[in-house]
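What follows is the residue order along each chain.
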Amino acid sequence: MLIPKRSVIPLPDILSLKENNCRDCYKCIRNCPVKAIRFAQNQAQIIPDECILCGSCFVVCPQKAKQVREDVQRVRDALAAGKRVVASLAPSFIADFQVHDVADMDEALRSLGFSLAEETARGAQLVSDAYAALMREGKQQVVISSCCPSINLLVQKVYPTMLPYLARVLTPAQAHCRLLKQADPDCFTVFIGPCIAKKDEADHSDAIDAALTYDEL
């Protein structure tokens, strides 16, 4: 399972600035781990080609001046078009929703028009097997996990000399959505989880059609 070729620059609309809300508090600048925010024109401007979409600025901003792109309409359009919309659920759903297990989430999502909801763990097992095979081969003595899209962006943008150590393995979300498409090539796959970087991953993936945060759901 190889990482597909893609641009390392996230689309600027995934995380953007609400200019009218920015009040010169500098919290986002102080908390950005890669210094991807600069003070310009009296506002905290995100630098797209340096941002790793970790979401720290979004979390710490007291003015709600950072805005995450909403993709709800994209999913609604797929449902309205009669597509079979299937969900890949990040395992942390159990902490964000008042449900007991994935069956409860499947029932809830079906009531919204989804055809199926499964845990991303199905893909995680494939990824785990791929890492085990990588270890057995012994060709790569140092391995940086490629499961997190923000870490992948960090390596590509900030530590490019570490690229040879980044595992050439899909993320669990991509692996799971690829499985779903193998079972039904015409399905519309939606990853649902807490991470905004998944939106960038979906934009550059041939397996994930859309990504929603828990807030959007």
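Provided above is the structure to which this section pertains.
Being a predicted model, the structure only gives us computed values, none of them experimental.

The rules behind these values
- The residue numbering used here restarts from 1 in each chain and proceeds along that chain's sequence as written.
- Per-residue local features of the predicted model are confined to residues with pLDDT of at least 70, and side-chain atom pairs are confined, for both listing and counting, to 80 or more; whole-chain, interface and lining totals are unaffected and use all residues.
- As a rule here, side-chain values cover all heavy atoms of the structure and leave hydrogens and water aside.
- Strands are runs of DSSP state E lasting at least 2 residues, helices are runs of H or I lasting at least 4, and numbering of each runs from the N terminus.
- The globule rule is 2.2 Å times the number of residues to the power 0.38, and the radius of gyration it is compared with is taken over C-alpha atoms.
- Throughout, exposure labels follow a simple rule: accessible area from a 1.4 Å probe, protein chains only, divided by the maximum for the residue type, with under 20% read as buried, over 50% as exposed, and the rest as partly exposed.
- A 1.4 Å probe and the Shrake-Rupley method give the accessible areas. Residues count as covered only by the protein chains that appear here.
- Expected span of a helix, by definition, is 1.5 Å for each gap between consecutive residues, and there is one gap fewer than residues.
- Contacts were defined at the residue level, with two residues in contact if any of their heavy atoms lie within 4.5 Å.
- Cavity means a closed set of points on a 1 Å grid over the protein atoms alone, one where a 1.4 Å probe fits but cannot get out, pocket means an open set with protein on both sides within 12 Å along at least 5 of 7 lines, and lining means a residue has an atom within 4 Å of a point.
- Grid points are joined across faces, edges and corners, and a volume is the space filled by probe spheres set on the points.
- Residues are grouped as follows: nonpolar covers Ala, Val, Leu, Ile, Met, Phe, Trp, Tyr, Cys and Pro; charged covers Asp, Glu, Lys and Arg; every other residue, Gly included, is treated as polar.
- By construction, the arc corresponds to the directions joining the helix axis to the C-beta atoms.
- Aromatic pairing here means that ring centres of Phe, Tyr or Trp (its six-membered ring) are within 6.5 Å. Orientation follows from the plane angle: under 30 degrees is stacked, over 60 is edge-to-face, and everything else is tilted.
- Geometrically, a lysine NZ or arginine CZ counts as sitting over a ring once it is within 6 Å of the ring centre and also within 35 degrees of the ring normal.

Novice: Is there a simple way to explain the overall build of the protein chain in this structure?
Specialist: Helix and strand counts for the protein chain stand at 9 helices and 8 strands. For a compact globule of 217 residues, the expected C-alpha radius of gyration is about 17 Å, and the protein chain comes in at 18 Å, within 12% of that figure. Dimensions of the protein chain along its principal axes, counting C-alpha atoms only, are 50 × 50 × 30 Å. In the protein chain, which comprises 217 residues, the proportion classed as buried is 44%. Surface accessibility of the protein chain: about 11,500 Å² in total, with carbon and sulfur atoms responsible for 52%.

Novice: It is not clear to me how helix H8 (residues 172-183) should be interpreted in this structure. Could you clarify?
Specialist: Helical geometry note: an α-helix holds 3.6 residues per turn, so side chains three or four residues apart project in the same direction. Its 12 residues give H8 an end-to-end C-alpha distance of 17 Å, which sits within 8% of 16 Å, the value for a rise of 1.5 Å per residue. Listing the buried residues of H8 in full gives Pro172, Ala173, Gln174, Ala175, His176, Cys177, Leu180 and Lys181. Packing partners of the buried residues in H8 comprise strand E5 (85-89), strand E6 (116-119), helix H6 (121-137), strand E7 (188-193) and helix H9 (197-203).

Novice: Just checking my understanding: could you explain the layout of surface pockets for this structure?
Specialist: In this approach the atoms are scanned with a rolling probe the size of a water molecule, which exposes any empty space left behind. Approximately 520 Å³ is the volume attributed to the largest pocket. The wall of the largest pocket is formed by 21 residues, among which Phe58, Val68, Ile196, Thr213 and Asp215 lie closest to the centre. Looking at the lining of the largest pocket, the elements with two or more residues in it are helix H2 (56-60) and strand E4 (66-68). Per element, the largest residue contribution to the lining of the largest pocket is 3 residues, and it comes from E4. Looking at the lining of the largest pocket residue by residue, the class counts come to 10 nonpolar, 3 polar and 8 charged.

Novice: In this structure, what is going on with H6? I would like to understand it.
Specialist: Along its 17 residues, H6 runs 24 Å from first to last C-alpha, staying within 8% of the 24 Å computed at 1.5 Å per residue. Among the residues of H6, those classed as buried are Gly123, Val127, Ala130, Tyr131 and Leu134. One side of H6 holds all its buried residues, which, seen down the axis, span an arc of 100°. Here the buried face of H6 lies against H8. Phi turns positive, to about 70°, at Gly138, one or two residues after H6.

Novice: What am I meant to see in the packing of aromatic side chains here?
Specialist: Geometrically, a pair of aromatic rings is defined through the distance of the ring centres and the angle of the planes. Per the counting criterion, the structure on display carries 2 aromatic pairs. Here the aromatic rings of Tyr26 and Phe39 are separated by 5.3 Å at their centres, their planes lie at 50°, and the arrangement is tilted. Of this pair, Tyr26 sits in the loop between strand E1 (15-17) and helix H1 (27-31) while Phe39 sits in strand E2 (residues 37-40); the two residues are 13 residues apart in sequence, bridging distant segments of the chain. For Phe39, a relative accessible area of 37% translates into the label partly exposed. Taking NZ or CZ as reference, Lys198 lies 5.1 Å from the ring centre of Phe191, over its face.

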